[in-house]
Amino acid sequence: MKVAFPVAPEPDAETAEAARLLFAGPVDFLKGVVAMDGLPPADRPEVCFAGRSNVGKSSLINALTGRKGIARASNTPGRTQEINYFTLGDHGYLVDLPGYGFAKAPVAIVAKWQALLKNYLAGRPTLRRAFCLIDSRHGVKPVDHEIMTLLDKSAVPFQAVLTKIDKLGPNALQPVIDQVEAELQKHPAAFPQIVVTSSDKGQGIATLRAIIAGLD
Ligand SMILES: Nc1nc2c(ncn2[C@@H]2O[C@H](COP(=O)(O)OP(=O)(O)OP(=O)(O)O)[C@@H](O)[C@H]2O)c(=O)[nH]1
Ligand SMILES: [Mg+2]
């Protein structure tokens with residue numbers, strides 16, 4: 001049976017406002033984690049942002065929270081080098097992950113981050129949903145497939161988020177949605193909606209806030 005992956009609809013006004021208030025409230029950097037034993041106690045729900053280096057993970061956290069510099073964003077791929085924890089009021093944690101694929105660092109250090117990332121994704125009991133970010137100009141790459149397969153095996157529900165759609169021409173979005181949908185059909189852990197976003201222009205941000213606010 002084929003599962004459909006429609007674009008996530010915009011929330012109704014009341015849901016959007018509740019989510020806006022949640023993200024406008026206190027959001028604080030808690031800590032940067034470099035090893036599994038540095039993770040904070042698994043005492044509340046969390047969501048994480050995973051994806052290739054430079055896909056826009058940190059920018060998305062900045063856009064969601066309306067705080068430009070809370071998660072560092074840069075032009076240099078491999079900038080986020082730790083698992084960064086942010087508290088979202090009393091709701092739970094937002095987790096910014098190091099990118100996979102490329103990093104401007106010595107091979108041994110990159111291997112260490114990648115191992116940490118995989119251990120985290122496979123072994124965090126309070127991880128409610130992993131958002132798998134995909135650059136809308138590039139579509140799903142083999143390394144995305146690998147991470148999604150790991151999430152399937154670990155039974156971690158994940159949701160695909162297309163990023164940087166402001167960089168696409170008007171006819172370029174549907175083909176990438178089709179490509180992502182074909183990939184998601186291979187993954188039992190994929191949540192059956194795709195979120196389409198631009199951190200620069202704000203598309204999809206209210207939708208993603210409402211999705212996160214609705215998780216408990
Ligand atoms: N036009 C446009 N640029 C974006 C958007 N989101 C991110 N960028 C740019 O993409 C680059 C990378 O963004 P980051 O948020 O640092 O990406 P990241 O996934 O956190 O990268 P790593 O930490 O290296 O894994 C930066 O130059 C951002 O300004 C977007 O929605 N639109
Ligand atoms: Mg980053």
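Residues numbered from 1 in each chain as written. Chains lettered and ligands numbered in written order. Predicted model: local features only at pLDDT ≥ 70, side-chain atom pairs only at ≥ 80, totals over all residues. Heavy atoms only, no water.

J.: What's the story with helix α1 (residues 13-24) in this structure? I'm lost.
T.: Three or four residues apart is the spacing at which side chains of an α-helix point the same way, because the helix has 3.6 residues per turn. With 12 residues, α1 extends 16 Å from end C-alpha to end C-alpha; this agrees with the ideal 16 Å at 1.5 Å per step. Two or three places before E14, at the opening of α1, D12 has a side-chain oxygen 3.2 Å from that residue's backbone nitrogen. (Helix = DSSP H or I, 4+ residues; strand = E, 2+ residues; numbered from the N terminus. Expected span 1.5 Å × (residues − 1). Polar contact = N/O pair within 3.5 Å; in protein donor to acceptor, adjacent residues only side chain to side chain.)

J.: Looking at this model, I keep getting lost on the sheet that holds strand β6 (residues 158-163). Mind explaining?
T.: Two strands in a sheet stick together by hydrogen bonds in their backbones, pointing the same way (parallel) or opposite ways (antiparallel). In spatial order, the strands read β1-β3-β4-β2-β5-β6-β7; together these 7 strands make up an open sheet with mixed pairing. Looking at which strands have only one partner, the edges of the open sheet turn out to be β1 (27-33) and β7 (195-196). Both strand β2 (residues 46-51) and strand β4 (residues 92-96) contribute to a ladder of 4 bridges, which runs parallel. Residue pairing in the sheet places E46 in a bridge with Y93 of β4. (Pairing = 2+ DSSP bridges.)

J.: I would appreciate a short explanation of helix α5 (residues 173-184) in the present structure.
T.: For α5, spanning 12 residues, the distance from its first C-alpha to its last is 16 Å, which sits close to the expected 16 Å at 1.5 Å a residue. Within α5, the full set of buried residues consists of V176, I177, V180, E183 and L184. Along the axis of α5, the buried positions cluster into a sector of 120°, meaning they face one direction only. In this structure, the buried residues of α5 make contact with β5 (127-135), α4 (142-154), β6 and β7. (Buried < 20%, exposed > 50% of the residue type's maximum accessible area, 1.4 Å probe, protein only. Arc of directions from axis to C-beta. Contact = heavy atoms within 4.5 Å.)

J.: Looking at this structure, I do not really get the pattern of salt bridges. What am I missing?
T.: Side chains that differ in sign of charge can pair as their charged atoms come close. Scanning all chains against the criterion turns up 7 salt bridges. E17 is the partner of R20 in a salt bridge, and the nearest nitrogen-oxygen pair spans 2.9 Å. Taken together, the residues span about one helical turn, with R20 and E17 both in helix α1 at a distance of 3 residues. In this structure E17 comes out as partly exposed when scored by relative accessible area, which is 35%. R124 is the salt-bridge partner of E46, the closest N and O atoms lying 3.0 Å from each other. You can see E46 sitting in strand β2 and its partner R124 sitting in the loop between α3 (107-123) and β5, a full 78 residues away along the chain. Relative accessible area serves as the criterion here: at 8%, R124 is assigned to the buried category. Counted as one network, the salt bridges with shared partners bring together D135, R137 and K164. (Salt bridge = Lys/Arg side-chain N within 4 Å of Asp/Glu carboxyl O.)

J.: Hey, could you run me through the pairing of β5 in this one?
T.: With 8 of its 9 residues buried, β5 lies for the most part within the structure. Bridging between β2 and β5 involves 6 bridges; their strand directions are parallel. For G51, the partnering residue across the bridge sits in β5 and is L133.

J.: Would you mind showing me how to read the state of the cysteines here?
T.: When the sulfur atoms of two cysteines share a covalent bond, that bond is a disulfide. Inspection of the entire model under this criterion finds 0 disulfides. Left without a disulfide partner, C48 is nearest to the cysteine sulfur of C132, which lies 7.3 Å away. Residue classification places C132 among the buried positions, given a relative accessible area of 2%. (Disulfide = S-S within 2.5 Å.)

J.: What am I meant to see in the packing of aromatic side chains here?
T.: Within a pair of aromatic rings, the relevant descriptors are the distance that separates the centres and the angle that separates the planes. Counted according to the given criterion, the structure contains 3 aromatic pairs. Taking 5.5 Å as the distance between ring centres and 20° as the angle between the ring planes, the aromatic pair formed by F49 and F131 counts as stacked. One end of the pair, F49, is in strand β2; the other, F131, is in strand β5, with 82 residues separating them in the sequence. Judged by relative accessible area, which is 0%, F49 ranks as buried. Owing to a relative accessible area of 0%, F131 belongs among the buried residues under this scheme. Above the face of the F191 ring, R129 is positioned so that its terminal group lies 4.0 Å from the ring centre. (Phe/Tyr/Trp six-rings, centres within 6.5 Å; stacked < 30°, edge-to-face > 60°. Lys NZ or Arg CZ within 6 Å of the ring centre and 35° of its normal.)

J.: Whenever I open this one, the nonpolar core confuses me. Can you help?
T.: Side chains of nonpolar character tend, in soluble globular proteins, to be buried together. Core analysis: the largest hydrophobic core is formed by 38 residues, its most contacted members being L97, Y120, L121, F158, L162, V180 and L184. Sorting the residues of this core by element identifies β2, β3 (83-88), β4, α3, β5, α4, β6 and α5 as the ones contributing at least two each. Ignoring anything within four residues of it in the chain, the contact list for F158 reads R129, A130, C132, M148, L151, D152, L184, H187, A189, A190 and F191. Formed by 23 residues, the second largest nonpolar core is a distinct cluster that contains V27, V161, V195 and I205. (Core = buried A, V, L, I, M, F, W, Y, C linked by side-chain atoms within 4.5 Å.)

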